[in-house]
Amino acid sequence: MTGLRVGIVGAGGIAPPHIAAWLALGAEVSILDRRGAGALAEAHGLTVVATLDELLEAVDLVDIISPTATHLPIALAAIARGRDVVCEKPLALDAAEAAEMVGAASAAGVRLFPAHVVRYFGDYARAKQEADAGAIGDLVELSFRRTVAAPAAAWFYDPDAGGGLIRDLMIHDLDQAVWFAGPVESVEATQTGGAAAPLSAEVVLTHENGAVSRVRADWFAEGTPFHSQAEIVGTRGVLRVDSAASSGDAGYLPPVADADPYQAQLADFVEALAVGRDARVTPADGVRAVALVDAAYAALASGGPVTVGP
């Protein structure tokens, strides 16, 4: 992959693993000049570019890791310049915007890769392989939980500004639920807490095949260690994933027990781009995850279940 020119837009907490992964893959990396970009450039030897137009002119692919509300306009600008796009989850503020992004990429003949990195964590990927191979029979009930220290920036707590616990954190496991158990018929949701930690939400998905997924996410106090769990129950057995089995204090990011999932994710995207195949995460997967977020917030507002369309 040596020689691919990658432009990073965003300098928040997810930037270091993306940058390290691109560099490990041999990319030439530039970063848009935003708050925090200078420190990242100095730490990793990146080129800082003053404007988005200049960045788009200088790169082959844009990696969007900025706040959610900015994803669509940045992606559309990149797509209009013929640039392939990697975009952090969630793709956009809602499913309509996400679909607009996907449609624009398709019309322009460029590739769009939603960055749902949990599909590339070894323990989740191995559990998925076992489930698909029939190791535990037909899936009956799935449980997912993800707990982290709450973010500091106020926008994370405002769903109208692109934040919200379900949209920002739980979307990882909503995607996992669909990855394991398939399309969803209905969504129910509850949430406790307000505009600061502690904040918890639970979403129940009823899948078209009859399986039920219970998904919980928590933003707790500063210093709370990252913890994720999954339990996949089938008619003939159970599969479990628990990040507590991994060593080290990962803080904001999940612990990594084996191969770097961020590098694996970007390597998959690059290979898919090179040979013209689908990546493990497709644009449709990205839209579907955002649609489930939309349904969960609609269920919160209505106090009852919401039907999910095809």
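For the structure, see preceding data.
Residues numbered from 1 in each chain as written. Predicted model: local features only at pLDDT ≥ 70, side-chain atom pairs only at ≥ 80, totals over all residues. Heavy atoms only, no water.

Q: I tried to follow helix α2 (residues 37-44) on my own but got confused; where do I start?
A: Owing to its 3.6 residues per turn, the α-helix brings residues three or four apart onto one side. Taken residue by residue, α2 has A37, L40 and A41 as its buried positions. What you see down the axis of α2 is that its buried residues fit within an arc of 100 degrees, all on one side. Opposite the buried face of α2, by more than 90 degrees, sit the exposed residues A39, E42 and A43. For α2, the secondary structure elements touched by its buried residues are α1 (15-24), β2 (28-32) and β3 (47-49). The first or second residue beyond α2 is G45, which carries a positive phi of 75 degrees. (Buried < 20%, exposed > 50% of the residue type's maximum accessible area, 1.4 Å probe, protein only. Helix = DSSP H or I, 4+ residues; strand = E, 2+ residues; numbered from the N terminus. Arc of directions from axis to C-beta. Contact = heavy atoms within 4.5 Å.)

Q: I would appreciate a short explanation of the pattern of salt bridges in the present structure.
A: Pairing between side chains of opposite charge can happen when their charged atoms approach one another. Counted by the stated rule, this structure contains 15 salt bridges. R119 serves as the salt-bridge partner of D175, at 2.7 Å between the closest nitrogen and oxygen. In this pair, D175 sits in helix α7 (residues 165-181) while R119 sits in the loop between β6 (112-115) and α6 (122-132), placing the two residues 56 residues apart along the sequence. The same class applies to D175 and to R119, which are both buried. Three or more residues are tied together by salt bridges with common partners; here these are R119, D175, D285 and R288. (Salt bridge = Lys/Arg side-chain N within 4 Å of Asp/Glu carboxyl O.)

Q: Can you walk me through the sheet that holds β2 in this structure?
A: Pairing between the strands of a sheet is mediated by backbone hydrogen bonds and can be parallel or antiparallel. Pairing is parallel across the open sheet formed by six strands, whose spatial order is β3-β2-β1-β4-β5-β6. Edge strands, defined here as strands with exactly one partner in the open sheet, are β3 and β6. Sheet twist, expressed as the mean angle between neighbouring strand axes with direction ignored, is 25 degrees. By the bridge criterion, three bridges tie β2 to β3 in an arrangement that is parallel. Bridging from a neighbouring strand, I31 pairs with V48 of β3. Against the sheet, helix α4 (residues 71-80) engages β1 (5-9), β4 (61-64) and β5 (84-88), with an angle of about 165 degrees to β5. (Pairing = 2+ DSSP bridges. Axes fitted to C-alpha atoms, helices over the stretch in contact; angles between N-to-C directions.)

Q: Even after reading the chapter, I still don't get the pairing of β4, so can you show me in this structure?
A: The side chains of a regular strand alternate, first on one face of the sheet and then on the other. Going residue by residue along β4, you find L61 and D63 tucked away on one face and V62 and I64 tucked away on the opposite face as well. As paired strands, β1 and β4 are joined by four bridges and run parallel to one another. Bridging from a neighbouring strand, G7 pairs with V62 of β4. Traced from β4 through α4 to β5, the parallel crossover comes out right-handed. (Right-handed = clockwise from strand over helix to strand, strands pointing away.)

Q: How do you make sense of the nonpolar core when you look at a structure like this?
A: One recurring pattern in soluble globular proteins: nonpolar side chains tend to sit buried together. Counting residues in each nonpolar core, the largest one holds 103 residues, and the members touching the most others are W22, I166, L174, F180, V187 and V203. If you tally residues by element for this core, the top one is α7, at eleven residues. (Core = buried A, V, L, I, M, F, W, Y, C linked by side-chain atoms within 4.5 Å.)

Q: When you look at the environment of G103 in this model, what are you seeing that I'm missing?
A: As for its position among the elements, G103 is in helix α5 (residues 95-108). Along the sequence, G103 and F269 sit 166 residues apart, while their C-alpha atoms lie 19 Å from each other.

Q: Just checking my understanding: could you explain the packing of α6 against α7 for this structure?
A: Two measures define how a pair of helices packs: the angle their axes make with one another and the distance between the axes. Where α6 contacts α7, the two axes come as close as 10 Å, and the packing angle between them is 25 degrees. Here α7 runs roughly parallel to α6, going by the angle between their axes. Crossing angle aside, the handedness with which α6 passes α7 is right-handed. Contacts between α6 and α7 involve Y124, A125, A127, K128 and A131 on the former and, on the latter, D173, Q176, W179 and F180. Class assignment of the residues belonging to the contact of α6 with α7 gives a composition of six nonpolar, one polar and two charged. (Parallel < 35°, antiparallel > 145°, perpendicular 65-115°, else oblique. Left-handed = near helix turned anticlockwise from the far one by under 90°. Nonpolar A, V, L, I, M, F, W, Y, C, P; charged D, E, K, R; others polar.)

Q: For this particular structure, what's the right way to read the sheet that holds strand β13 (residues 306-307)?
A: The strand order β12-β11-β7-β10-β9-β8-β13 describes an open sheet built from seven strands, whose pairing is mixed. Only two strands of the sheet have a single neighbouring strand rather than two, namely β12 (237-242) and β13. The sheet contact formed by strand β8 (residues 184-192) and β13 spans two bridges and is antiparallel. Within the sheet, the bridge partner assigned to S186 lies in β13 and is T307. Taken strand by strand, α6 contacts β7 (139-149), β11 (227-234) and β12, and its axis lies near 170 degrees from that of β12. Sheet contacts for helix α9 (residues 283-302): β8, β9 (199-207) and β13; angle to β8, the most-contacted strand, approximately 60 degrees.

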